[in-house]
Amino acid sequence: MRPGLWLAPTLLAVAFAAPALEFAAREDVPLGVASRGLVAVRLNEDTLTDYVVATDAGLALLLGAREAKFSSPTLSRTTSAPASLTAGDFDGDGWTDVAFANRTEPIVRIRYGSGDGSLGEAAELSSNSRILFLHAVDLDRDGKSDLLVGDRNGISVYRSQRRGQFAFPQVVDTEGVEGRWFTTADLDRDGHLELLVLESGGEAVGVFETDGQGSFRPRQASFVGNDPRAAAVADIDGDAKLDLVVVDASGLVWVRGDGRGVFSGPVRLLRSDDIVTAAAVDVNADGAIDLFAADSRRGVVHVLLNTGSGKFERRFSYLVGPNPEAVLVTDATGDGVPDLLVTSRGSSALTLCRGRGDGTFRGPSAFDLGPDPFAAMAYDANGDGHLDLAIAHRDAALVTLSLGDGHGSFRLQTSMPVGTDPRSLALGDFNSDGAADLVVANFGSDDVAVLAGTARGELVAPLFLATGLGPAALAVADFDGDGHDDIAVANTLSNSVSLLFSDGTGRFPRTTNYAVLPKPDFLLAGDLGGTGTLDLVVGNSRSERVSILRGNGKGLKDPVEDTFSNRVRPVISADFDGNGTPDVVRVEEHEDKVAILRGSKESGLSLPEKFPTGRQPTAAVPGDFDEDGKVDLIILHRRTRTVAFLRNLTAKVSSAVALPAATPTAPEANDPWVRALGSW
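Model, not experiment: these values are computed from the prediction.

> Looking at this structure, how should I read the environment of Thr104?
Within the fold, Thr104 resides in the loop between strand 7 (97-101) and strand 8 (107-113). For Thr104, a relative accessible area of 64% translates into the label exposed. Counting along the chain gives 210 residues from Thr104 to Arg314, while the straight-line C-alpha distance between them is 42 Å.

This is the structure we're talking about:
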């Protein structure tokens, strides 16, 4: 960086020993390959739960460990990727065995556990067509699990006889319904299991009763939803009758059971066409069954906490790996508290969400605050002392305002149409009423929208102001020294900057345009030379060249060119570790992570420390969203329309927060902000 070219943040002059940086980010259990499903098993003599995971390369064995510190998984390779997986004790020796099948062969393979932490020799069962689903259960109560195999022709029951041997299969007449998903339960509590078969592509669940010897006959069919795909059986409303929670083409449905195998009165709990699986477990030990649902497109797991009567008043969502396929509620850490393990087709790891025992989990909370979130600002919009979020949604041409509760949660308050393709947001007080106003750069309609804010957190219909072509970045400051906030706009397609001067009444009577270097896409406003006037740096993140518009107290002078030592990109800076110097955030979209480069006065910026987020993060916004004195992160994921909260769990050393400021201060030789500008 050339001497005299600097942007100073406000820094504390006290040095602190920085603790280890920690966020409630996504916690991964490495597998080395994408996963499709998993089952809890007992493979050795310790008291911890073990797991078998169906991966693209075969079966991965994870032996239980305290604090979920699993050793490297043991991979048992198979000829093709297992698509169906179930576990049971097929030989009655007290150790878990595993049955699996792929989608290309009409063969079920069984591997037997022997208590030494491994799976031994395999047995094979042949079917008439490719396998769709597997389910293990002891139908005849002889102490050995039997195997139910679903294919395109229906369901076949293989009764276990001894290790490696099964009786000739009994075929269940499913009346033309494919065996894509089914389970067993004692619906009428007569001691015999019923078979529940979902009608894939239809609307019903078929109930088949058994005689206790493995034979089934049709009893009843009930409407449960549109194209049911998976389900969980549990007593949701506490009436001692088993209900169904069904995943269908439109989301999640609860259907009440009458205790005789009839289901009725569907209640829609979640609306999404991307729910792929569900689980039902009492996760907070209050005696009520809670629900879990994986949303494949958004990459989240929804948690619905039951009050006990089938009312789900508390709902949470957590980021997991891309394209989740299976959710297992299990004590993975050995502390007696249920955790979540989630498989993912888009990741080479399991996601672990550690339970807290109260129905919540450690991990990044996720919120649906509108479609395709692209850019955001954090500020207190309604004066309640809590940080709120204004978000620009590009494809929807909207700005939304979501109110924060001071604990890291948000609820959508209002939405307002703006121009086409909004890409940048900034805050100012343009009408001198003391409430923050919002300005939006609309790349597609070549204008900015100014939305006046109110003390109640409302947004007034926008005032549109013409700019150059393709406005992409904003800076708000008092460039002419009249005490009113003005707006600088970087126009990417016309290679210019528009400076809109405010008169303090919400109007902008004067505009000045400046020709700058090609394709400007960011602006930095500050006292670049310590002269006491505000200047403007205009840059292109793909170039080392910048245009500098020096302030003269009444506006900006014509631009001059300058060069940084490297390509310059706008950075996000805050003091995350509490050591008194700013750290820098880098969004790594292709790695599904955010990186933080920690700053210190002695050594500048450290190597990046990376934290997993959701799929393809778009932007990051710092702020103390849970009001614990530490700077957290909000992460936007445009592709999956998810906003995530990464709570800062770093041990608190100082409550001070250092953010970039336009207030002139003396430059520091090792200022991390200067180093960041020089190295990006």
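> Could you clarify how one ought to interpret the pattern of salt bridges in this entry?
Close approach of charged atoms allows side chains of opposite charge to pair. For the coordinates displayed, the defined rule picks out 39 salt bridges. Here Asp480 makes a salt bridge to Arg510, at a shortest N to O gap of 3.6 Å. Of this pair, Asp480 sits in the loop between strand 41 (471-477) and strand 42 (486-491) while Arg510 sits in strand 44 (residues 510-515), placing them 30 residues apart in sequence. Where salt bridges share partners, they join Asp188, Glu194, Glu209, Arg217 and Arg219 into one cluster.

> What is the right way to read the nonpolar core from this model?
In a soluble, globular protein the nonpolar side chains are often hidden away together inside. Residues Leu196, Ile236, Leu244, Leu252, Phe263 and Leu291 are the most contacted members of the largest nonpolar core, which totals 31 residues. Those elements giving two or more residues to this core turn out to be strand 17 (194-198), strand 18 (204-210), strand 20 (230-234), strand 21 (243-248), strand 22 (251-257), strand 23 (263-271), strand 24 (275-281) and strand 25 (290-295). If near-sequence neighbours (up to four positions away) are discounted, Ile236 is found in contact with Asp243, Val245, Trp254, Ile289, Leu291, Asn306, Gly308, Ser309, Gly310 and Phe312. Within the second largest apolar cluster, 18 residues are counted, among which are Leu21, Leu319, Ala574 and Ile596.

> Can you walk me through a negative patch on the surface in this structure?
A cluster of like negative charges, contributed by Asp380, Asp384, Asp405 and Glu627, occupies part of the molecular surface. Considering the arrangement of structural elements, one finds Glu627 in the loop between strand 55 (619-623) and strand 56 (632-637).

> Sorry if this is basic, but what is going on with the sheet that holds strand 48 (residues 560-563) here?
The pairing of strands in a sheet happens through backbone hydrogen bonds and is either parallel or antiparallel. Strand order in the open sheet formed by four strands is 45-46-47-48, with antiparallel pairing between adjacent strands. Strand pairing shows two members of the sheet lacking a second neighbour, strand 45 (522-526) and strand 48, which therefore form its edges. Taken over all neighbouring pairs, the strand axes of this sheet differ in orientation by 30 degrees on average, direction set aside.

> I tried to follow the pairing of strand 56 on my own but got confused; where do I start?
On a regular strand, one side chain projects to one face of the sheet and the next to the other, so that they alternate. Counting buried residues along strand 56, six of its six residues qualify, which places the element largely inside the surrounding structure. Of the two faces of strand 56, both are covered, the one formed by Asp632, Ile634 and Leu636 as well as the one formed by Leu633, Ile635 and His637. As paired elements, strand 55 and strand 56 share five bridges and run antiparallel to each other. When the bridges of strand 56 are listed, Pro622 appears paired with Leu633. Note that strand 56 and strand 57 (residues 642-646) share five bridges and pair antiparallel. Its bridge partner lying in strand 57, Ile634 is registered against Phe645. Following strand 56, the chain reverses through four residues before pairing antiparallel with strand 57; Arg641 in that reversal takes a positive phi of roughly 50 degrees.

> What is the right way to look at the sheet that holds strand 15 (residues 170-172) in this model?
One open sheet accounts for four strands, arranged 10-11-12-15; its pairing is antiparallel. A single partner strand is all that each edge strand has here, and the edge strands are strand 10 (131-137) and strand 15. Geometrically, the sheet is characterised by an average inter-axis angle of 25 degrees between neighbouring strands, direction not taken into account. Note: strand 12 (residues 154-158) against strand 15, three bridges, orientation antiparallel. Note that in strand 15 the partner of Ile155 across the bridge is Val172.

Criteria and cut-off values
- Residues numbered from 1 in each chain as written.
- Predicted model: local features only at pLDDT ≥ 70, side-chain atom pairs only at ≥ 80, totals over all residues.
- Heavy atoms only, no water.
- Helix = DSSP H or I, 4+ residues; strand = E, 2+ residues; numbered from the N terminus.
- Buried < 20%, exposed > 50% of the residue type's maximum accessible area, 1.4 Å probe, protein only.
- Salt bridge = Lys/Arg side-chain N within 4 Å of Asp/Glu carboxyl O.
- Core = buried A, V, L, I, M, F, W, Y, C linked by side-chain atoms within 4.5 Å.
- Contact = heavy atoms within 4.5 Å.
- Patch = residues over 30% accessible without salt bridge, like charges linked within 9 Å, V, L, I, M, F, W, Y side chains within 5 Å.
- Areas by Shrake-Rupley, 256 points an atom, 1.4 Å probe, with all protein chains shown as cover.
- Lys, Arg positive; Asp, Glu negative; His and termini not counted.
- Charge placed at Lys NZ, Arg CZ, Asp CG, Glu CD.
- Pairing = 2+ DSSP bridges.
- Axes fitted to C-alpha atoms, helices over the stretch in contact; angles between N-to-C directions.

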